[in-house]
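# Structural characterization, general
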Amino acid sequence: MLKKRLIATLLVRDRLIVQSFGFKKYLPIGRPRFPIEFVVRWDVDEIVLLDMSASKRGTGPDEAVLEMLSQYCYVPLTVGGGIRDVDEVRRTIRAGADKVCVNTHAMARPPLITEIATVFGSQCVVVSIDCKRENSGEYQVYTDSGSRPSGKSPVEWATECADRGAGEIFLNSIDRDGSREGYDTALIGAVANAVKIPVIACGGVGHFKHFAAGIVEAGASAVAAANIFHHVEHSTIFAKAHMLASGVDVRLDSVAKYRGREFDDDGRLLMLSAERLDDIEANHLSRADG
Amino acid sequence: MVRERLMRRPHIAIIDYGMGNIRSVHNALLRLGCTVVTSFRPEDMFEADALILPGVGAFGEAVANLKARELIEPIQRAVRDEGKPLLGICLGMQLLAETSEEGGVFEGLSLVRGEVRRINVSANFRIPHMGWNTLSIKKQQPLFGQLADGDAFYFVHSYQLICDSDDVAATTTYESDIVAAVQHNHVFGVQFHPERSQRKGLELLRNFVDVAAGPASQAKC
């Protein structure tokens, strides 16, 4: 059976990993190497690394940083940030990426999607779509880190991307970004129904229990988040433990599975009750005696 | 003597024919303690203990690149005449076949009897077959070692290898069964990406590296 995927999004700004809030405020986490090493050990299925400073520099993703980071990445790595032509894709892949993520430049010049797909295959092209819910209640796609309205609806643009050869849609909600309210399942469901290529849900996860809704309610093929994975030990394992408990088929190879364990509202692991600990101790002792 | 075996670091040549992300394979092998050369020079291949043929992309372009770099005959010689173990990864596995129908009809390396065809699925299944899928292992040793049925690996492909059932080392299921790994004597191929399949993937690569370290080191023990 093909498993559902859990993806960690790592946002790089001026060579630091950051948390993002509403595409406006950023909280620095630290050097990129360690979050990558951690989530890879903790059974994450893929990593999406977005170099947010690339557009500002007017270049593609930082190759030197990427070459260093790819040494620690033993899961598929998607890299985005200011990619505007096939040459930049080639350099990014040479530096260690498996797929590339395009956003602003794909909207500015849609044939870019076909050009990349022709040379590297559709599986290599992920189109990232940032959406915002307007006052009218309609959704609109924004580019340039959520600052420029495109005049297109998410369904319309995602369908066009798929027709032009995109392999996946990475769908992010600007309103939900950093909000901790959970996924915008209406938005994700509408796009997942409209296209035949996999849709990755992103934006809004504030608790590990939010992940399952992206797949069960909205019909995404993969779920992604960024902020929640920082500052928590075993964060991606916690996420998968919750998904398995909700009946979502994900890979969990880790020895620690947190089966039957409980979490508080902030997603922190609760201690086992005194009775339960007594049981475990009694079990252990009787086995040692036997 | 155990020490001697531990200290023997196999030398692996990754065949660079300009397709796909080779660096990740290189990194994984370094982590396993091999010495690695990524090269398109035949002499590097003949010096190595084993070869890896990686690759992502289109079959036709891959064959054209192999031809342009005059690699087909040296690979066949290294494997057939010199008995060097070879592991094909993803497109690299498909290239082991005799022919492919991807974007025309192309001849492969003919190291495994079989042909490459498009995956045929109903409308509910998306192509490419992409993501982590579980295996059903048919030939446990040497490639799968301690790995078990149900272990998941990362796949991304639109075409599949059709070959003799005797050569199938593992299958996966995507509506119907797909060949996930082949083995014909010392020629191995995996449709998934072990270098991107976390610790289980590294374990599989280590099993192949042990084959490369090979009978010579075992004989010494």
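Notes on the structure follow. (Residues numbered from 1 in each chain as written. Chains lettered and ligands numbered in written order. Predicted model: local features only at pLDDT ≥ 70, side-chain atom pairs only at ≥ 80, totals over all residues. Heavy atoms only, no water.)

If you look at the interface, chain A gives 37 residues, while chain B gives 31 residues. Summed over both sides, the interface of chain A with chain B buries roughly 2800 Å², with 50% coming from carbon and sulfur. Here chain A and chain B share four salt bridges between them. Listed by contribution, the elements that provide at least two residues to the side of chain A that touches chain B are α1 (33–41), α3 (63–70) and α4 (86–94) of chain A. Broken down by class, the residue content of the side of chain A that touches chain B amounts to 17 nonpolar, six polar and 14 charged. (Contact = heavy atoms within 4.5 Å. Buried area = accessible area lost by both parts, 1.4 Å probe. Salt bridge = Lys/Arg side-chain N within 4 Å of Asp/Glu carboxyl O. Helix = DSSP H or I, 4+ residues; strand = E, 2+ residues; numbered from the N terminus. Nonpolar A, V, L, I, M, F, W, Y, C, P; charged D, E, K, R; others polar.)

We now examine the pairing of strand β9 (residues 152–157) of chain B. Residues and elements named next belong to chain B. Burial analysis of β9 places six of its six residues in the buried class, which makes it a mostly covered element. On β9, burial covers both faces: Ala152, Tyr154 and Val156 on one face and Phe153, Phe155 and His157 on the other are all buried. Where strand β8 (residues 129–137) and β9 come together, six bridges link them in antiparallel fashion. Along β9, the bridge assignment pairs Gly131 with Phe155. (Buried < 20%, exposed > 50% of the residue type's maximum accessible area, 1.4 Å probe, protein only. Pairing = 2+ DSSP bridges.)

In sheet architecture, strand pairing relies on hydrogen bonds along the backbone and comes in two forms, parallel and antiparallel. Residue and element names in this part refer to chain B. As summarised here, the arrangement of the nine strands in space is β2-β1-β3-β4-β13-β12-β11-β8-β9, forming an open sheet in which the pairing is mixed. Two strands lie at the open edges of the sheet, namely β2 (35–39) and β9, each paired on one side alone. Within the sheet, the average angular offset between the axes of one strand and its neighbour, ignoring direction, is 30 degrees. In terms of strand pairing, β8 meets strand β11 (residues 168–174) through three bridges, oriented antiparallel. Note that in β11 the partner of Leu135 across the bridge is Thr172. Sheet strands touched by helix α5 (residues 72–80): β1 (11–15), β3 (50–53), β4 (86–89) and β13 (187–190). Its angle to β3, the strand with the most contacts, is close to 135 degrees. (Axes fitted to C-alpha atoms, helices over the stretch in contact; angles between N-to-C directions.)

Attention now goes to the pattern of salt bridges. Counted according to the given criterion, the structure contains 31 salt bridges over all chains. Residues Arg199 of chain B and Asp43 of chain A are paired through a salt bridge, measuring 3.6 Å at the closest nitrogen-oxygen approach. Here Arg199 of chain B, found in helix α7 (residues 198–220), pairs with Asp43 of chain A, found in the loop between α1 and β4 (46–51), and the two come from separate chains. On the accessibility criterion, Arg199 of chain B (38% relative accessible area) is partly exposed.

A few words on the packing of aromatic side chains. On inspection of all chains with the given rule, the structure shows eleven aromatic pairs over all chains. Arranged with centres 5.8 Å apart and planes meeting at 80 degrees, the rings of Phe188 of chain B and Phe208 of chain B form a pair that is edge-to-face. In this pair, Phe188 of chain B is assigned in strand β13 and Phe208 of chain B in helix α7, connecting sequence segments 20 residues apart. Owing to a relative accessible area of 1%, Phe188 of chain B belongs among the buried residues under this scheme. In this structure an aromatic cluster arises from ring pairing among Phe208, Phe238, Tyr258 and Phe263 of chain A. Arg69 of chain B extends its terminal NZ or CZ atom over the ring of Phe40 of chain B, reaching a point 4.9 Å from the ring centre. (Phe/Tyr/Trp six-rings, centres within 6.5 Å; stacked < 30°, edge-to-face > 60°. Lys NZ or Arg CZ within 6 Å of the ring centre and 35° of its normal.)

Looking now at the state of the cysteines. Residue and element names in this part refer to chain A. One pass over the structure, following the stated rule, counts zero disulfides over all chains. The structure places no disulfide on Cys73, whose sulfur is separated from the nearest cysteine sulfur, that of Cys124, by 14 Å. Unpaired in terms of disulfides, Cys124 finds its nearest cysteine sulfur in Cys101, a separation of 11 Å. (Disulfide = S-S within 2.5 Å.)

Within the largest apolar cluster, 117 residues are counted, with the highest numbers of intra-cluster contacts made by Ile47, Val127 and Phe211 of chain A together with Phe144 of chain B. The element contributing the most residues to this core is α7 of chain B, with seven residues. The contact partners of Phe144 of chain B, leaving out residues within four places of it in the chain, are Leu135, Ile137, Lys139, Ala169, Ala170, Ala181, Phe192, Leu204 and Asn207 of chain B. Within the second largest apolar cluster, 36 residues are counted, among which are Met45, Ala48, Leu71 and Val179 of chain B. (Core = buried A, V, L, I, M, F, W, Y, C linked by side-chain atoms within 4.5 Å.)

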